[in-house]
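Single-letter residue listing:
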Amino acid sequence: ANGIHIAGLTKTYIGDEGRKVALHDVDIDIAEGDVYGVIGLSGAGKSTLVRCINGLESYDKGSVTVRGHEVGDLSKKQLRDLRRGIGMIFQSFNLMPSRTAAGNVELALLDSDLTAAQRATRVSRLLDLVGLKDKADSYPSELSGGQKQRVAIARALANNPKVLLSDEATSALDPSTTKSILKLLRRLHDDLGLTIVIITHQMSVIKQICNRVAVIDHGTITEEGRTFDVFANP
Ligand code: ADP
Ligand code: ADP
């Protein structure tokens, strides 16, 4: 019931150059506990897919259900709750430069009903979880790319999501930092039972961490299955 099920999803943008089909008849089944990769080139439709999953974008046709709810049918309040249940991380980290690591993580807890003391406890537990306990008081400008992404991961997990959506989260990192971030995601998957969706254009990322993969090309899923099978060398 905690999976993400996408069936017949079609999304068209109407722009200056007319109609642009961003997603065409997309079927994807992400089961609870998957580390599921979606790989494709720039412009393939990956961001559109992410925005359809978290309800930031309406769609023309088909169905997107997250934890049993049809995203297109949710009210504004229900959408907020849905998004709280989906942690998101990005290529650009999206940290606030004026706040420390701890301050950035705390941002995700400000509209919870926790007291300041409870928030502080939770923030330090979250920073501990991502291996950044000693950087709580550092500002983003004082952190490496990998450390910034760890702060962003801590923030994404603040409200105990069951799903973590990673949108090109390692694309700005060098290979060894990428490896350590993927190792962290794998550990969070194992320890917290997180379902993880990895959006990337990097094959190496898929091979390192994903048990299943969908290949998207010009808005169409061209291959889908276990990573081992899809990328098996013939
Ligand atoms: P990706 O994330 O894989 O790079 P996108 O989902 O951003 O792909 O884009 C898929 C296609 O939809 C591209 O051709 C892109 O130009 C187009 N597109 C994306 N967003 C918009 C928009 N807001 N208006 C018009 N076209 C868009
Ligand atoms: P609550 O906030 O509901 O009181 P806790 O924070 O005490 O719960 O954590 C309950 C369980 O969730 C613990 O087993 C803990 O390891 C785990 N946990 C802690 N932080 C997170 C997190 N960010 N995401 C998911 N699970 C977490």
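Residues numbered from 1 in each chain as written. Chains lettered and ligands numbered in written order. Predicted model: local features only at pLDDT ≥ 70, side-chain atom pairs only at ≥ 80, totals over all residues. Heavy atoms only, no water.

In the annotation of an unreviewed UniProt entry, the protein is listed under the name ABC transporter, ATP-binding protein and assigned to Pseudoscardovia radai. If you open the UniProt record of the protein and go to Function (unreviewed entry), you find "Part of the ABC transporter FtsEX involved in cellular division. Has ATPase activity." (UniProt positions renumbered as here; feature names shortened; annotations may be inferred.)

(A) A look at the site of ligand 1. The immediate surroundings of ligand 1 are formed by Tyr13, Lys20, Ala22, Leu41, Ser42, Gly43, Ala44, Gly45, Lys46, Ser47, Thr48 and Arg51. Interatomic distance of 2.6 Å between a side-chain N/O atom of threonine 48 and an oxygen atom of ligand 1. Burial of ligand 1 by the protein amounts to 63% of the accessible area it has alone, namely 560 Å². Counting only elements with at least two residues in the shell around ligand 1, the list comes to strand E2 (18–30) and helix H1 (46–53). No other element matches H1, which puts four residues into the shell around ligand 1. When grouped by side-chain class, the residues that make up the shell around ligand 1 number four nonpolar, five polar and three charged. (Near = heavy atom within 4 Å. Polar contact = N/O pair within 3.5 Å; in protein donor to acceptor, adjacent residues only side chain to side chain. Areas by Shrake-Rupley, 256 points an atom, 1.4 Å probe, with all protein chains shown as cover. Helix = DSSP H or I, 4+ residues; strand = E, 2+ residues; numbered from the N terminus. Nonpolar A, V, L, I, M, F, W, Y, C, P; charged D, E, K, R; others polar.)

(B) Main features of the sheet that holds strand E10 (residues 220–226). In spatial order, the strands read E6-E7-E8-E3-E9-E10; together these six strands make up an open sheet with mixed pairing. In this open sheet, the two edge strands, each paired with only one partner strand, are strand E6 (86–90) and E10. Direction aside, neighbouring strands of the sheet carry axes that sit 15° apart on average. Pairing between strand E3 (residues 35–39) and strand E9 (residues 212–217): four bridges, direction parallel. By the bridge assignment for E9, glycine 37 is matched with valine 213. Set on the sheet, helix H6 (residues 175–192) makes contact with E3, E6, strand E7 (163–167) and strand E8 (195–200); between it and E8 the angle comes to about 155°. (Pairing = 2+ DSSP bridges. Axes fitted to C-alpha atoms, helices over the stretch in contact; angles between N-to-C directions. Contact = heavy atoms within 4.5 Å.)

(C) Expanded view of the side chain of arginine 122. If you trace the backbone, arginine 122 turns up in helix H4 (residues 116–129). Of the side chains bearing the opposite charge, aspartate 113 lies closest to the buried arginine 122, which forms no salt bridge; the N-O distance is 10 Å. Side chain to side chain, arginine 122 and asparagine 160 meet in a polar contact 3.3 Å long. Once residues lying within four places of it in the same chain are set aside, the contact partners of arginine 122 are Leu109, Leu114, Leu157, Ala158 and Asn160. (Buried < 20%, exposed > 50% of the residue type's maximum accessible area, 1.4 Å probe, protein only. Lys, Arg positive; Asp, Glu negative; His and termini not counted. Salt bridge = Lys/Arg side-chain N within 4 Å of Asp/Glu carboxyl O.)

(D) Molecular detail of the pattern of salt bridges. In the structure shown here, the tally under the stated rule is nine salt bridges. The partner of aspartate 81 in a salt bridge is lysine 77, with the nearest N and O atoms 3.0 Å apart. With aspartate 81 and lysine 77 both in helix H2 (residues 76–84), this residue pair falls four residues apart, about one helical turn. Among the ionic pairs, glutamate 106 bridges to arginine 99, the shortest N-O distance being 3.8 Å. On the basis of relative accessibility, which here comes to 25%, the residue arginine 99 falls in the partly exposed class. A single network of salt bridges, built from pairs that share partners, joins Lys11, Arg51 and Glu57.

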